[in-house]
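Chain by chain, the residues run as shown.
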Amino acid sequence: MTRRAALLGGVSLLAACGGGPRFLTYDGPAVTSIVVYKGRRKLHLMHEAEILKTYDFELGFAPVGHKQIEGDGKTPEGLYYIDRKNPNSSFHLSVGISYPNAEDRARAAAIGHSPGGDIFIHGTPRAFRGDRDWTWGCLAVSNSEIEVIYSMVRVGTPIWLYP
């Protein structure tokens, strides 16, 4: 066996045995939107009018109201989009929400502040499991749940966040 063939065989064996990162795959109906009810702590992955999956979540440390400025501990409300996916998140995996939009930036600038950013749906580190509303404005689900969400949701998916 040549050195190259042995190397390729080893890499294949390593991948098959779980030596590298693994991601769930999803081949069901497309997630056409995400609907979030902050007050109820419910996140629905939707295909048109059908709920595909529902998750409970934790919010920011000051969950009531629309995010206004960086550090306020609030989660945005309104229509946004999934704008990125981070396989190397500090919170296991994460799916980015397009906050701030132009209106959010203008509102914060009018009062002399930054609107903040980096709002995600993400997993939960062991240190925060069981805590209620601990994020800085993100939606936190369990690590196993973010793996499913990450596999199902595509960049560009609209996300509606309601009070």
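You'll find the structure just up there.
In this report, the structure presented in the accompanying data block is examined. Remember, it's a predicted structure, so these values are computed and weren't measured experimentally.

What counts and what doesn't
Residues numbered from 1 in each chain as written. Predicted model: local features only at pLDDT ≥ 70, side-chain atom pairs only at ≥ 80, totals over all residues. Heavy atoms only, no water. 1 Å grid on protein atoms, 1.4 Å probe; cavity = no way out; pocket = protein on both sides within 12 Å on 5 of 7 lines; lining within 4 Å. Points joined across faces, edges and corners; volume = space filled by probe spheres on them. Nonpolar A, V, L, I, M, F, W, Y, C, P; charged D, E, K, R; others polar. Helix = DSSP H or I, 4+ residues; strand = E, 2+ residues; numbered from the N terminus. Buried < 20%, exposed > 50% of the residue type's maximum accessible area, 1.4 Å probe, protein only. Phe/Tyr/Trp six-rings, centres within 6.5 Å; stacked < 30°, edge-to-face > 60°. Lys NZ or Arg CZ within 6 Å of the ring centre and 35° of its normal. Pairing = 2+ DSSP bridges. Salt bridge = Lys/Arg side-chain N within 4 Å of Asp/Glu carboxyl O. Core = buried A, V, L, I, M, F, W, Y, C linked by side-chain atoms within 4.5 Å. Contact = heavy atoms within 4.5 Å.

**Quick notes on the layout of surface pockets**
Stage number 1. Of the pockets and cavities examined, the largest pocket occupies roughly 310 Å³.
Stage number 2. Around the largest pocket, the lining is made up of 18 residues, and of these Phe91, Gly117, Asp118, Trp136 and Cys138 lie nearest the centre.
Stage number 3. Here the residues of the lining of the largest pocket are counted per class, giving 6 nonpolar, 9 polar and 3 charged.

**Some words on unusual backbone geometry**
Stage number 1. Residue proline 100 follows tyrosine 99 across a cis peptide bond; omega there is 0 degrees.
Stage number 2. One non-glycine residue, aspartate 133, adopts positive backbone phi at about 50 degrees.
Stage number 3. Structurally, aspartate 133 can be placed in the loop between strand E6 (119–122) and strand E7 (139–140).
Stage number 4. Judged by relative accessible area, aspartate 133 falls into the buried class, the value being 14%.

**Some points on the packing of aromatic side chains**
The geometry of an aromatic ring pair is captured by the separation of the ring centres together with the interplanar angle, meaning the angle of the planes.
Stage number 1. On inspection of all chains with the given rule, the structure shows 6 aromatic pairs.
Stage number 2. Measuring from ring centre to ring centre gives 5.9 Å for phenylalanine 91 and tryptophan 134, while their planes differ by 45 degrees; the resulting arrangement is tilted. One end of the pair, phenylalanine 91, is in the loop between strand E4 (78–86) and strand E5 (94–97); the other, tryptophan 134, is in the loop between E6 and E7, with 43 residues separating them in the sequence.
Stage number 3. Since its relative accessible area comes to 29%, phenylalanine 91 is described here as partly exposed.
Stage number 4. Here tryptophan 134 falls in the buried class, since its relative accessible area comes to 13%.
Stage number 5. Look at tryptophan 160 and tyrosine 162: their rings are 6.4 Å apart centre to centre, the planes differ by 10 degrees, and that puts the pair in the stacked class.
Stage number 6. According to the relative accessible area criterion, tryptophan 160 is partly exposed, its value standing at 35%.
Stage number 7. Classification of tyrosine 162 as partly exposed rests on a relative accessible area of 33%.
Stage number 8. A connected cluster of aromatic rings, assembled from ring pairs, spans Tyr37, Trp160 and Tyr162.
Stage number 9. The ring of tyrosine 37 has arginine 40 sitting right over it, with the charged end atom 4.3 Å from the ring centre.
Stage number 10. Directly above the aromatic system of tyrosine 150 lies the positively charged group of lysine 85, at a separation of 4.5 Å from the ring centroid.

**Describing the pairing of strand E8 (residues 158–162)**
Stage number 1. Side chains Ile159 and Leu161 of E8 all project onto a buried face; the interleaved residues Pro158, Trp160 and Tyr162 project onto a face where none is buried.
Stage number 2. Pairing analysis gives 4 bridges linking strand E1 (residues 33–37) to E8, with the strands arranged parallel. From the neighbouring strand, isoleucine 34 faces E8, where its bridge partner is isoleucine 159.
Stage number 3. Note that E4 and E8 share 4 bridges and pair antiparallel. Residue pairing in the sheet places tyrosine 81 in a bridge with proline 158 of E8.

**Quick notes on the pattern of salt bridges**
Think of it this way: side chains of opposite charge can pair up when their charged atoms draw near.
Stage number 1. According to the stated counting rule, one finds 8 salt bridges in the structure shown.
Stage number 2. Ionic pairing is found between glutamate 103 and arginine 107, a salt bridge with its closest N-O pair at 2.8 Å. With glutamate 103 and arginine 107 both in helix H2 (residues 102–110) and 4 residues apart, the pair spans about one turn of that helix.
Stage number 3. Given a relative accessible area of 54%, glutamate 103 falls into the exposed group.
Stage number 4. Several salt bridges share partner residues, and in doing so they unite Asp83, Arg84 and Asp118 into one network.

**Observations concerning the nonpolar core**
Stage number 1. The biggest cluster of nonpolar side chains holds 25 residues, and the ones touching the most others in it are Ile34 and Ile121.
Stage number 2. Examining the composition of this core, we find that 4 residues originate from one element, helix H3 (residues 143–152), more than from any other.
Stage number 3. Once residues lying within four places of it in the same chain are set aside, the contact partners of isoleucine 121 are Ile34, Leu43, Leu93, Ser94, Val95, Ile97, Leu139, Ile146, Ile149 and Ile159.

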